[in-house]
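Spelled out, the chains give:
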Amino acid sequence: MTRLPRGLALPIAALIAWETSGRTLFQPTDTLTRPSAMAAALVQAGMDGSLVQATAETLAGAAIGFLIASVLGTAAGIVLGSSRILGGVAGPTVELLRPIPAVALIPLGLLIFGFGVRMEVMTVAFACLWPVMTVASAAVKGIDPRLIEVSRTLEIGRLEQALKFILPSIFPRLFVGLRLAAGVALVVAVTVEIAANPQGLGYRLILAQQNLRPDLAFGLLTWIGCLGWVLNRGLVGVERRYFWRFAPAKRNA
Amino acid sequence: MKADRLVIAAGAGLFLLVLLGAVQAIAELRVVSPVFFPSPLRIAEALYRQVAAGSIWSPLAQTCARMLSGWLLAVALGIFVGAVIGSSANLASYLDPTLEFLRTLPASAVMPIFILCMGLTPQMIVSVISFGALWPVLLGSLHGFRSVEPRLLEVADTLELGRFDRLVKIEIPNAVPDILSGMRVSLAFALILSVVAEMLASVEGLGNNVLLASRSFRTSDLYAGILVLGVVGALTTAALGALERRLLRWR
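Residues numbered from 1 in each chain as written. Chains lettered and ligands numbered in written order. Predicted model: local features only at pLDDT ≥ 70, side-chain atom pairs only at ≥ 80, totals over all residues.

K.L.:
Can you help me understand the overall build of chain A in this one?
P.N.:
Counting secondary structure elements, chain A contains 11 helices and 0 strands. Its helices and strands in sequence order give chain A the pattern α-α-α-α-α-α-α-α-α-α-α, from N to C terminus. Here the C-alpha atoms of chain A give a radius of gyration of 23 Å, more than 25% beyond the 18 Å that 2.2 N^0.38 yields for 253 residues. Across its three principal axes, chain A shows a C-alpha extent of roughly 75 × 50 × 30 Å. Per-residue burial over chain A gives 39% buried out of 253 residues. (Helix = DSSP H or I, 4+ residues; strand = E, 2+ residues; numbered from the N terminus. Rg over C-alpha atoms; globule rule 2.2 N^0.38 Å. Buried ≥ 20, exposed ≤ 12 C-beta atoms within 10 Å, placed from the backbone.)

Dropping the structure here:
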């Protein structure tokens, strides 16, 4: 508990220094602002509903893309991880596609889907696919072989084996991959909006910059930072609460 | 076992060829409009045309220069700041929450702020790239300097090692693996941010090329550009991986 107040000391000191120098040393201009003006702009955007709408647009794009990538990535990871031959044969192709930066797909999405939520979802899904797939495939390889033998003796179908045996046993490790992918999803969604797509928080941010509203731009940036922080904190919390006993180090104990 | 591996490698090559063949067939049959989905041969042709005309080299060099300069700046700053914070538990307790907040901030979202303050200048682009690429190196370095085995420090105490010897013989070797893996993540970030910055600022480079190709419906150039960006990402990561293996051979 003693860590939190100490950690808050620096941001609070910085904000006070910024605010006082903004009131005494320099006047707000097209590029400079004060924390109080920033907060006021953010509150105003919250009151007129534009902030809520933009947040909903960004989160929707990120969430849909993330869900598509989670389902596809988990399925592909299980398939590639459970067979050495399949993994070896398809692996190099995956390794060829993986280094493509997701943002390079923005123009392609623009061409195929035009502006809107679909091109954003496509880019987010592409970016999130790889971390989920890699973690799922590695987790399947780490399953106790005896568990697979048990499922074989039960003579159940492949799909049932994947759903009832493999998925539950890889889930704790898979969750780490999903958490990383969720962070990526938010970042990519905002990036797509900044680079091309006229919707969501990223677009509002770039509009604020073009309209020379530094107060709103800084406010939105802080808001996006808070969203990312809360998302990460929440998922780490879920992981610690539910999956700590599956952590690799303790599994053998 | 070795023959096994050869068969799998051959299978991998075959898989890629069959996949490309299938994509080619789908494109030839025009299941999807060629405007959205050109055949692999047409993409290869576009790429060959760009290489033959020499029009690919300048944007490629620009993007790589931008990416590497931002990345190197981030690496230098990240290692140094990480080392300072990581060596002092007191300092870390003040800075940790702030660092955690800044780390989760999407670097591309900082770009409008940088544009406001610095304008659409080359310096702005390099600053944004290094801001985004900073965090993985910084956190890697911080972790590396913080996680020194306490018993090693006790040994250092018994040997009465000076501050400098401690740094060179114990702390830096301990931090190098973490720094290197941070550098690898940073490099990927640097490439992403170069592409986004080029699109936003409309400066010459591979990212801008891809956007221009999309706007004028030159689809095969668009796919060729995406391919080149993938190759740049793969090659730089592989080069860093080779460096990593070399430096960490002692482990």
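K.L.:
So what exactly am I meant to see when it comes to the overall build of chain B here?
P.N.:
Scanning chain B for helices and strands turns up 10 helices and 0 strands. Scanning chain B from its N terminus toward the C terminus, one meets helices and strands in the order α-α-α-α-α-α-α-α-α-α. Relative to the compact-globule value of 18 Å for 251 residues, chain B shows a C-alpha radius of gyration of 23 Å, a clear excess of over 25%. Summarising its shape, the C-alpha atoms of chain B cover approximately 75 × 60 × 30 Å along the three principal directions. Counting all 251 residues of chain B, 37% fall into the buried class. Within chain B, counting contacts between residues at least 6 apart in sequence, those at least 24 apart form 74% of the total. (Contact = placed C-beta atoms within 7 Å.)

K.L.:
How should the interface of chain A and chain B be read in this particular structure?
P.N.:
When the parts come together, some accessible area is lost, and that loss is often what is quoted as the size of the interface. Contact with chain A, which involves 47 residues of that partner, is made by 45 residues of chain B. Only α1 (3-24), α4 (84-97), α5 (106-113), α8 (158-195), α9 (200-210) and α10 (214-243) of chain A provide two or more residues apiece to the side of chain A that touches chain B.

K.L.:
Please clarify how the domain arrangement of chain B should be interpreted in this entry.
P.N.:
Residues and elements named next belong to chain B. What the domain assignment reports for chain B is domain 1 (1-31) and domain 2 (37-247). The C-alpha-based centres of domain 1 and domain 2 are spaced at 33 Å. A breakdown of the residues in the side of domain 1 that touches domain 2 according to their chemical character gives 3 nonpolar, 1 polar and 1 charged. (Domains from an automatic or database assignment. Nonpolar A, V, L, I, M, F, W, Y, C, P; charged D, E, K, R; others polar.)

K.L.:
What's the story with unusual backbone geometry in this structure? I'm lost.
P.N.:
Apart from glycine, the bulk of residues carry a negative phi angle, and the bulk of peptide bonds sit in the trans form. Here A:Leu212, not a glycine, exhibits a phi torsion of approximately 55 degrees, which is positive. Looking at the secondary structure, you find A:Leu212 in the loop between α9 and α10. The phi torsion at B:Phe217 lies on the positive side, around 55 degrees, for a residue other than glycine.

K.L.:
What is the right way to read helix α7 (residues 145-153) of chain A from this model?
P.N.:
In an α-helix, one turn spans 3.6 residues, which is why side chains three or four residues apart end up on the same side. For α7(A), the buried fraction is low: 0 of the 9 residues fall into the buried class. Phi for A:Glu155, located one or two positions after α7(A), is positive at around 50 degrees.

K.L.:
Explain the packing of helix α5 (residues 107-118) of chain B against helix α8 (residues 163-201) of chain B to me, please; I cannot follow it from the model alone.
P.N.:
Between two packed helices, what matters for the description is the angle formed by their axes and the separation of those axes. Residue and element names in this part refer to chain B. At their nearest, the axes of α5 and α8 sit 10 Å apart, and the two run at 40 degrees to each other. The angle between α5 and α8 falls in the class oblique. Between α5 and α8 the crossing geometry is right-handed. Of the residues in α8, those in contact with Ala107, Ser108 and Met111 of α5 are Phe189, Leu193, Val196, Ala197 and Leu200. Residue composition of the contact of α5 with α8, grouped by class: 7 nonpolar, 1 polar and no charged. (Axes fitted to C-alpha atoms, helices over the stretch in contact; angles between N-to-C directions. Parallel < 35°, antiparallel > 145°, perpendicular 65-115°, else oblique. Left-handed = near helix turned anticlockwise from the far one by under 90°.)

K.L.:
What am I meant to see in the packing of helix α3 (residues 57-86) of chain B against helix α6 (residues 122-146) of chain B here?
P.N.:
Following both chains from N to C, one finds α3(B) and α6(B) inclined at 35 degrees, their axes separated by 6 Å at the closest point. Helix-helix and strand crossings are classified by hand; for α3(B) and α6(B) the assignment is right-handed.

K.L.:
Please clarify how the confidence of the model for chain B should be interpreted in this entry.
P.N.:
Detailed reading of predicted coordinates is not advised where the pLDDT is low. All names here are of chain B. Of all residues in chain B, 99% attain a pLDDT of 70 or more, and the chain-wide mean is 88. Here helix α7 (residues 150-158) stands out as the least confident element of chain B, with mean pLDDT 82; α3 is the most confident, with 93. Complex prediction metrics read pTM 0.87 and ipTM 0.85. (pLDDT = per-residue confidence, 0-100.)

K.L.:
Which parts of the structure should I look at to understand α6(B)?
P.N.:
Under the 1.5 Å per step criterion, the end-to-end length of α6(B) is 36 Å for 25 residues, consistent within 8% with the ideal 36 Å. Counting buried positions along α6(B) gives 19 out of 25 residues, so the element sits mostly inside the fold. (Expected span 1.5 Å × (residues − 1).)

K.L.:
Mind showing me how you'd approach the environment of A:Ala195 here?
P.N.:
Positionally, A:Ala195 belongs in helix α8. Contacts of A:Ala195, omitting those with residues within four sequence positions, involve A:Val103, A:Ile106, B:Val196, B:Met199 and B:Leu200.

K.L.:
Is there a simple way to explain the nonpolar core in this structure?
P.N.:
Generally speaking, soluble globular proteins have nonpolar side chains that are buried together. Counting 120 residues, the largest nonpolar core has A:Val124, A:Cys128, A:Ala185, B:Val110, B:Val128 and B:Ile129 as the members making the most contacts within it. Residues in contact with B:Ile129, not counting those within four places in the same chain, are B:Arg66, B:Met67, B:Gly70, B:Trp71, B:Ala190, B:Leu193, B:Ser194 and B:Ala197. (Core = buried A, V, L, I, M, F, W, Y, C linked by C-beta atoms within 7 Å.)

K.L.:
What's the story with the environment of A:Pro172 in this structure? I'm lost.
P.N.:
By the element assignment, A:Pro172 lies in helix α8. Between the alpha carbons of A:Pro172 and A:Arg158 there is a distance of 21 Å; along the sequence they are 14 residues apart.

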